[in-house]
Amino acid sequence: MFEINNLSFSYEDKNIFEKANFSVEKGERICLLGENGAGKTTFLRILSGSLNAEMEIRFNNNRYNSIREIIDKIGYVPDKPHLYDFLTGKENIEFLLNIFNVNNKWEEIQELCRKFNLHNDLDDLVKNYSLGMKHKLYLICILVRDIDILLLDEPLSSLDIDSQKIALEKFKLFTDKGGIIIFSTHIESIEQNIASTKYKIVNKKLYKLN
Ligand SMILES: Nc1ncnc2c1ncn2[C@@H]1O[C@H](COP(=O)(O)OP(=O)(O)OP(=O)(O)O)[C@@H](O)[C@H]1O
Ligand SMILES: [Mg+2]
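The name given to the chain in an unreviewed UniProt entry is ABC-2 type transport system ATP-binding protein, and the organism recorded there is Anaerobranca gottschalkii DSM 13577.

Enquirer: Help me out: how do you make sense of the overall build of the chain in this one?
Expert: Helices and strands together make up the secondary structure of the chain, namely six helices and ten strands. Taking 210 residues into account, the globule formula puts the C-alpha radius of gyration at 17 Å, and the chain, at 17 Å, falls close to it. With the C-alpha coordinates of the chain rotated into their principal frame, the extents come out at 50 × 35 × 35 Å. Every one of the 210 residues in the chain was classed for burial, and the buried ones make up 50%. When contacts within the chain are restricted to residue pairs at least 6 apart in sequence, long-range pairs at least 24 apart make up 69% of them. In the structure as shown, the chain presents an accessible area of about 11000 Å², 42% of it carried by carbon and sulfur atoms.

Enquirer: What should I look at first to understand the sheet that holds strand 6 (residues 74–77) in this one?
Expert: Strands pair in a sheet through their backbones, by hydrogen bonds, and they do so in one of two ways: parallel or antiparallel. Spatially, 6-7-8-3-9-10 is the arrangement adopted by the six strands of the open sheet, whose pairing is mixed. Each end of this open sheet is capped by a strand with a single partner; those strands are strand 6 and strand 10 (205–209). Geometrically, the sheet is characterised by an average inter-axis angle of 20 degrees between neighbouring strands, direction not taken into account. Where strand 6 meets strand 7 (residues 149–153), four bridges bridge the pair, whose relative direction is parallel. Within the sheet, the bridge partner assigned to Val77 lies in strand 7 and is Leu152.

Enquirer: Would you take a moment to explain unusual backbone geometry for this structure?
Expert: For residues that are not glycine, phi is negative in most cases, and the peptide bond is trans in most cases. In this model, Lys19 sits at a positive phi of 50 degrees, which is unusual for a non-glycine residue. When you line up the elements, Lys19 lands in strand 2 (residues 14–24). Within the chain, Asn101 stands out as a residue other than glycine whose phi angle is a positive 65 degrees. Inspection of the secondary structure assignment puts Asn101 in the loop between helix 2 (89–99) and helix 3 (106–115). Looking at Asn101, the relative accessible area reads 61%, which means it is exposed.

Enquirer: For this particular structure, what's the right way to read the packing of helix 2 against helix 4 (residues 131–143)?
Expert: A pair of packed helices is captured by two measures, namely the crossing angle of their axes and the spacing between those axes. The N-to-C vectors of helix 2 and helix 4 enclose an angle of 35 degrees; their axes lie 10 Å apart at closest approach. Crossing geometry of helix 2 relative to helix 4 is assigned as right-handed. On the side of helix 2, the interface is formed by Gly89, Asn92, Ile93, Leu96 and Leu97, while helix 4 contributes Leu137, Tyr138 and Cys141. Tallied by class, the residues present in the contact of helix 2 with helix 4 amount to six nonpolar, two polar and no charged.

Enquirer: Even after reading the chapter, I still don't get the UniProt feature "domain: ABC transporter" (unreviewed entry) in the chain, so can you show me in this structure?
Expert: Mapped onto this numbering, the UniProt entry annotates "domain: ABC transporter" (unreviewed entry) at residues 2–209. Here residues 2–209 is 31% helix and 29% strand, with 18 Å between the C-alpha atoms at its ends.

Enquirer: Help me understand the pattern of salt bridges in this model?
Expert: Pairing of side chains with opposite charge becomes possible as their charged atoms draw close. Within the structure shown, the criterion is met by five salt bridges. The partner of Glu94 in a salt bridge is Lys90, with the nearest N and O atoms 3.4 Å apart. With Glu94 and Lys90 both in helix 2, this residue pair falls four residues apart, about one helical turn. Residue class for Lys90 comes out partly exposed when judged on its relative accessible area of 31%. A salt bridge links Asp160 to Lys136; its shortest N-O distance comes to 3.8 Å. Taken together, the positions of Asp160 in the loop between strand 7 and helix 5 (161–176) and Lys136 in helix 4 put the pair 24 residues apart, joining distant regions of the chain. A relative accessible area of 43% places Asp160 in the partly exposed class. Lys136 sits in the buried class, given a relative accessible area of 6%.

About the thresholds
Residues numbered from 1 in each chain as written. Chains lettered and ligands numbered in written order. Predicted model: local features only at pLDDT ≥ 70, side-chain atom pairs only at ≥ 80, totals over all residues. Heavy atoms only, no water. Helix = DSSP H or I, 4+ residues; strand = E, 2+ residues; numbered from the N terminus. Rg over C-alpha atoms; globule rule 2.2 N^0.38 Å. Buried < 20%, exposed > 50% of the residue type's maximum accessible area, 1.4 Å probe, protein only. Contact = heavy atoms within 4.5 Å. Areas by Shrake-Rupley, 256 points an atom, 1.4 Å probe, with all protein chains shown as cover. Pairing = 2+ DSSP bridges. Axes fitted to C-alpha atoms, helices over the stretch in contact; angles between N-to-C directions. Left-handed = near helix turned anticlockwise from the far one by under 90°. Nonpolar A, V, L, I, M, F, W, Y, C, P; charged D, E, K, R; others polar. UniProt positions renumbered as here; feature names shortened; annotations may be inferred. Salt bridge = Lys/Arg side-chain N within 4 Å of Asp/Glu carboxyl O.

In structure tokens form, the structure reads like this:
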């Protein structure tokens, strides 16, 4: 169980959340809805520990003061993946795995690269990658981590149809094993395909939809 209560957050003078509450059970895939600028990306960045917010955190029956305390259990794929343009795909993978402290996963990585049709591009500089290729490379590095919560900002929007199917399979496998997925999307078919539960961000609060 992962629960956020009394979440308040502002960018300088712009208030985005005010005493918002959110809770999710193991195995759920939560779709975040809300109009442009509602705060979906901001919420995911708060949950990933990239932004500091005032809030109460409960995870697996423990209380935490900061996301930083459970950061090892959380993976985040941003809408614009942070990669180094002047490193190759393979070098970016090695760099990310090092940061995430992932060892002995090279075989799994290679298999994922083959599935996502990236295996022939790993020696190219990432500056020559398309947005979808960057997204897939970053996603692969997150999928091999040992995490409980996967945060995805508009996860499938840049992926081709075959890659979307592979990603969907991986997301379902992750939640079947008890993982939690929290993702944002504006695309109705993706929402229908992935979501087990929906939350909508309206007027600085999060509302669970039935
Ligand atoms: N770094 C920032 N500094 C100041 N304001 C910001 C910053 N990032 C986002 N905002 C503002 O916060 C609000 C929420 O933005 P956010 O990106 O979270 O929305 P979103 O729901 O993800 O929108 P979209 O559907 O367009 O992706 C917007 O009004 C935006 O202008
Ligand atoms: Mg966004």
